[in-house]
Amino acid sequence: MGLVDEREALIDSLIRNQYISKAEVIRAMRKIQRHFFVPDHLKSAAYYDHPLQIGEGQTISAPHMVGIMLERLDLKKGQKVLEVGGGSGYHAALTAEIVGEEGHVYSMERIERLAKRAEANIKRCELDKRVTIVVGDGSCGLKEHAPYDRIFITCASPGIPQPLIDQLKDGGKLLIPSGSIYFQDLILCEKKGKKITKKNYGGCVFVPLIGEHGFH
Ligand code: SAH
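What you see is a predicted model; the values in this text were computed from it and never measured.

Caption draft 1: Seen up close, the packing of aromatic side chains. Under the counting rule described, the total for this entry stands at 2 aromatic pairs. Relative to Y148, the ring of Y106 has its centre 6.2 Å away and its plane inclined at 65°; by these criteria the two rings are edge-to-face. A residue pair is termed long-range when its members are at least 10 positions apart, and Y106 in strand 4 (residues 104-109) and Y148 in strand 6 (residues 148-153) qualify at 42 residues. Assessed through its relative accessible area of 11%, Y106 is described here as buried. Exposure remark for Y148: the relative accessible area of 0% places this residue in the buried category. In this structure, K80 is placed above the aromatic ring of Y148, and the distance from its NZ or CZ to the ring centre is 5.6 Å. Over the ring of F36 we find R124; its NZ or CZ atom is 3.7 Å from the centre of that ring.

Caption draft 2: Local environment of a nonpolar patch on the surface. Together, I181, Y182, F183 and V205 make up a nonpolar patch on the protein surface, roughly 470 Å² of accessible area in all. For Y182, the location among the structural elements is in the loop between strand 7 (168-179) and strand 8 (184-192). The exposure class assigned to Y182 is exposed, which follows from its relative accessible area of 70%.

Caption draft 3: How the structure looks around the site of the ligand. Around the ligand sit 26 residues, and of these S88, E109, D137, G138 and I210 come closest. At 3.0 Å, a backbone N or O of G85 approaches a nitrogen atom of the ligand. Here R110 contributes a backbone N or O atom positioned 3.2 Å from a nitrogen atom of the ligand. In the complex, 99% of the free accessible area of the ligand, which totals 590 Å², lies under the protein chains. Assessed atom by atom at 2 Å from the grid points, the ligand resides in the largest pocket.

Caption draft 4: Representation of the layout of surface pockets. One number sums up the size of the largest pocket: a volume of about 500 Å³. For the lining of the largest pocket, the secondary-structure elements that each account for two or more residues are strand 2 (58-60), helix 3 (63-73), strand 3 (80-84), helix 4 (90-99) and strand 4. Class assignment for the residues of the lining of the largest pocket results in 17 nonpolar, 13 polar and 4 charged.

Caption draft 5: Main features of the packing of helix 3 against helix 4. Where helix 3 meets helix 4, the closest approach of the two axes is 11 Å, and the angle between their N-to-C directions is 35°. For the pair helix 3 and helix 4, the sense of crossing is right-handed. On helix 4, the residues touching V66, M69 and L70 of helix 3 are Y90, H91, L94, T95 and I98.

Caption draft 6: Representation of the nonpolar core within the structure. In terms of nonpolar packing, the biggest core is built from 52 residues, with M29, F37, L70, Y90, L94 and I122 touching the most fellow members. At the level of secondary structure, the elements contributing two or more residues to this core comprise helix 1 (3-16), helix 2 (23-31), strand 1 (52-55), helix 3, helix 4, helix 5 (112-124), strand 5 (131-135) and strand 8. Sort the elements by how many residues they give to this core and helix 4 lands first, with 7 residues. Core analysis: the next-biggest nonpolar cluster, separate from the first, contains 16 residues, V84, L142, I153 and I176 among them.

Caption draft 7: Region of interest: the pattern of salt bridges. One pass over the full model with this rule turns up 14 salt bridges. A salt bridge links K31 to E97; its shortest N-O distance comes to 3.2 Å. A residue pair is termed long-range when its members are at least 10 positions apart, and K31 in helix 2 and E97 in helix 4 qualify at 66 residues. A relative accessible area of 8% places E97 in the buried class. Between D40 and K43 there is a salt bridge whose closest N-O contact spans 3.6 Å. The class for D40 is exposed, based on a relative accessible area of 65%.

Caption draft 8: A look at the sheet that holds strand 3. Read from one edge of the open sheet, 7 strands run 5-4-3-6-7-8-9, paired in mixed fashion. With one partner strand each, in any of the chains shown, strand 5 and strand 9 (195-204) form the two edges of the open sheet. The mean angle between the axes of side-by-side strands here comes to 15°, regardless of whether they run parallel or antiparallel. Of the strand pairs in this sheet, strand 8 and strand 9 are connected by 8 bridges, and their pairing is antiparallel. Note on strand 9: the bridge partner recorded for D185 is G203. Each of strand 6, strand 7, strand 8 and strand 9 touches helix 3; the most contacted strand, strand 6, lies at about 155° to it.

What counts and how
Residues numbered from 1 in each chain as written. Predicted model: local features only at pLDDT ≥ 70, side-chain atom pairs only at ≥ 80, totals over all residues. Heavy atoms only, no water. Phe/Tyr/Trp six-rings, centres within 6.5 Å; stacked < 30°, edge-to-face > 60°. Helix = DSSP H or I, 4+ residues; strand = E, 2+ residues; numbered from the N terminus. Buried < 20%, exposed > 50% of the residue type's maximum accessible area, 1.4 Å probe, protein only. Lys NZ or Arg CZ within 6 Å of the ring centre and 35° of its normal. Patch = residues over 30% accessible without salt bridge, like charges linked within 9 Å, V, L, I, M, F, W, Y side chains within 5 Å. Areas by Shrake-Rupley, 256 points an atom, 1.4 Å probe, with all protein chains shown as cover. Salt bridge = Lys/Arg side-chain N within 4 Å of Asp/Glu carboxyl O. Near = heavy atom within 4 Å. Polar contact = N/O pair within 3.5 Å; in protein donor to acceptor, adjacent residues only side chain to side chain. 1 Å grid on protein atoms, 1.4 Å probe; cavity = no way out; pocket = protein on both sides within 12 Å on 5 of 7 lines; lining within 4 Å. Sits in = over half its atoms within 2 Å of the grid points. Points joined across faces, edges and corners; volume = space filled by probe spheres on them. Nonpolar A, V, L, I, M, F, W, Y, C, P; charged D, E, K, R; others polar. Axes fitted to C-alpha atoms, helices over the stretch in contact; angles between N-to-C directions. Left-handed = near helix turned anticlockwise from the far one by under 90°. Contact = heavy atoms within 4.5 Å. Core = buried A, V, L, I, M, F, W, Y, C linked by side-chain atoms within 4.5 Å. Pairing = 2+ DSSP bridges.

Shown next, in the form of structure tokens:
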């Protein structure tokens, strides 16, 4: 089986297992080539439903986890989105595909070498106009482009960083793996005025958010 067939088989299985069901999520996951986002020696494993090492001790998340997060975040065309934990750029590329030409994704990554690689990966998908990778501590958010319609964090956080709540629009949604370094719950927060409602979407395991409002 070639990589294209493998990708189709993976997406079919994510649908069958009910990780993804929204048309726009399915379309984006069929289109974006995960093998662009993994190191050369792991290309043949790009369509396993598994996290993979991307260097610097970091990982690209498993496709089913990316799918769950894309579904729960309830992305719409034209939205401005902040990602914390750019990694390979894969999740940012999928998000950019869904928010479309009118939308924009700001993705923060603390490790410069990964940020550079993510930028190149995204350019290969011709999504560089819709994605801006920013090197820095995303636990403090990215004030200059706030407020955001959606914020998602792809690393484990000890709680919900207040700056991220502050930088969310009224009516906005934020998705974050919150818990210990070893195990987290995927929490969806909705901001309605001063009120934040929270919904728990179950267990997950991410690499740690390291920064001022993360782990130290
Ligand atoms: N979403 C990524 C995978 C993320 S792995 C993808 O699609 O490939 C989590 C990433 O978060 C790692 O690259 C790690 O370096 C980064 N990270 C950890 N703490 C961070 C922080 N405070 N700000 C920005 N990025 C951070």
